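# Descriptive structure summary
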Amino acid sequence: MTLPASLDEAVAALAAMPAAVPVAGGTDLMAAVNRGLLRPAGLVGLGRINEIRGWQYQDGHALLGAGLTHARMGRPDFAALIPALAAAARAAGPPQIRNAGTLGGNIASAAPTGDALPVLAALEATLVIAGPDGARREIPVSHLLAGRDLLAPAELIGYVRVPLLHAPQVFLKATGRTGPGRATASVAVVLDPARRGVRCAVGAIAPMPLRPLEAERWIASLIDWDGERAALAPEALGAFGEYVAAACIPDPEPPVDGSPPPPLSPAVLHLRRTVAALARRALGRALS
């Protein structure tokens, strides 16, 4: 294993060994190796790169190092900065996972159940990508997760740029029997009073987080952004949850022969109800 001491050294090591795999906490990598899904020809360890293990303030944003662990993001000082991301980090699994797993690894592995992913999507975070010869480029996190912008063999996620909204934000998830702490559905809701907007992202139910944009715009139009309290009636919260769930888990398309569409299966119907409940509760907590 190669152990570079800087981000540029890590990029150079990957450029010299195109078949090598970068590894930080190794929680996803080792799981893939143990299942026989991955046999890396070499490893580039990122654990000694101090520059990506903290965060800094930059032009109204937080610049988060990709090497931040879930355990570090779950602490109170970070929670005061980005509450929803801290909540997702605290929910990321048992202590051994939280102590080892990193923000950059969660993004790079792009597992649908990654708890940080819907939060980053709702925050509209951007990634700072490090490339050869000191090159840096930025892409929206949603572009990488959707496969619209892929990392080149000698590129690494160096930082995550997150806007500091100074407004309520909530992350909630439902878990099942698929593993310790693994989400069956998750929802992040972020309020953006400066833009009079509500941003919502649903995770774990699709290959990437889903943004119900019409539901966001509709509920934002009902909020009294200039009032002392922005709370909504329970009926509006419930309607928002149903709107989000229907947008992310739509009804089946009717057959071409004009017959009625098939009903949702009990499992899918249960998942839709779960998403509706999470979205309703998350928005209610954000507005309370």
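Everything here concerns the structure above.
As a starting point, this report considers the structure included with it. (Residues numbered from 1 in each chain as written. Predicted model: local features only at pLDDT ≥ 70, side-chain atom pairs only at ≥ 80, totals over all residues. Heavy atoms only, no water.)

### Some words on the packing of aromatic side chains
- Taken as a whole, this structure holds two aromatic pairs when the rule is applied.
- On the basis of an interplanar angle of 80° and a centroid distance of 5.0 Å, the ring pair of Trp55 and Phe78 is categorised as edge-to-face. Here the residue Trp55 occupies a position in strand S3 (residues 55-58), and Phe78 occupies one in helix H4 (residues 76-79), the gap between them amounting to 23 residues.
- An angle of 55° between the planes, with centres 5.9 Å apart, marks the rings of Trp218 and Tyr243 as tilted. Taken together, the positions of Trp218 in helix H10 (residues 213-222) and Tyr243 in helix H11 (residues 234-248) put the pair 25 residues apart, joining distant regions of the chain.
- Of the residues examined, Trp218 reaches a relative accessible area of 30% and is grouped as partly exposed. (Phe/Tyr/Trp six-rings, centres within 6.5 Å; stacked < 30°, edge-to-face > 60°. Helix = DSSP H or I, 4+ residues; strand = E, 2+ residues; numbered from the N terminus. Buried < 20%, exposed > 50% of the residue type's maximum accessible area, 1.4 Å probe, protein only.)

### Some thoughts on the side chain of Arg161
- Within the secondary structure layout, Arg161 lies in strand S7 (residues 156-163).
- The exposure class assigned to Arg161 is buried, which follows from its relative accessible area of 16%.
- Within the local environment of Arg161, its side chain forms a polar contact with the side chain of Gln58, the two groups lying 2.3 Å apart.
- Reaching out from Arg161, the side chain makes a polar contact with the side chain of Glu138 at a distance of 2.6 Å.
- Apart from residues lying up to four places away in sequence, Arg161 is in contact with Gln58, His61, Ala62, Leu63, Ala125, Thr126, Val128 and Glu138. (Polar contact = N/O pair within 3.5 Å; in protein donor to acceptor, adjacent residues only side chain to side chain. Contact = heavy atoms within 4.5 Å.)

### Here's the deal with the sheet that holds strand S4 (residues 61-65)
- The strand order across the open sheet built from five strands is S3-S4-S7-S5-S6, with neighbouring strands paired in antiparallel fashion. Of all strands in the sheet, those with a lone pairing partner are S3 and strand S6 (136-140), marking the two edges. Neighbour to neighbour, the strand axes of the sheet diverge by 25° on average, direction disregarded.
- Bridge analysis of S4 against S7 gives five bridges, and the strand direction is antiparallel. Following the sheet pairing, Leu64 is matched in S7 by Val160. (Pairing = 2+ DSSP bridges. Axes fitted to C-alpha atoms, helices over the stretch in contact; angles between N-to-C directions.)

### Description of the packing of helix H5 (residues 83-90) against helix H8 (residues 116-123)
- Relative to each other, H5 and H8 sit at 170°, their axes nearing to 9 Å. Between H5 and H8, the interaxial angle falls into the category roughly antiparallel. Counted together, Ala84, Leu85 and Ala88 of H5 and Ala116, Val119 and Leu120 of H8 form the full contact between these two elements.
- Tallied by class, residues from the contact of H5 with H8 come to six nonpolar, no polar and no charged. (Parallel < 35°, antiparallel > 145°, perpendicular 65-115°, else oblique. Nonpolar A, V, L, I, M, F, W, Y, C, P; charged D, E, K, R; others polar.)

### Quick look at the environment of Val33
- Looking at where Val33 falls in the secondary structure, it is placed in helix H2 (residues 27-34).
- Each C-alpha atom, one on Val33 and one on Leu150, is 22 Å from the other, the two residues being 117 residues apart in sequence.
- Those residues within four positions of Val33 in sequence are excluded, and the remaining contacts are Leu38, Arg39 and Pro40.

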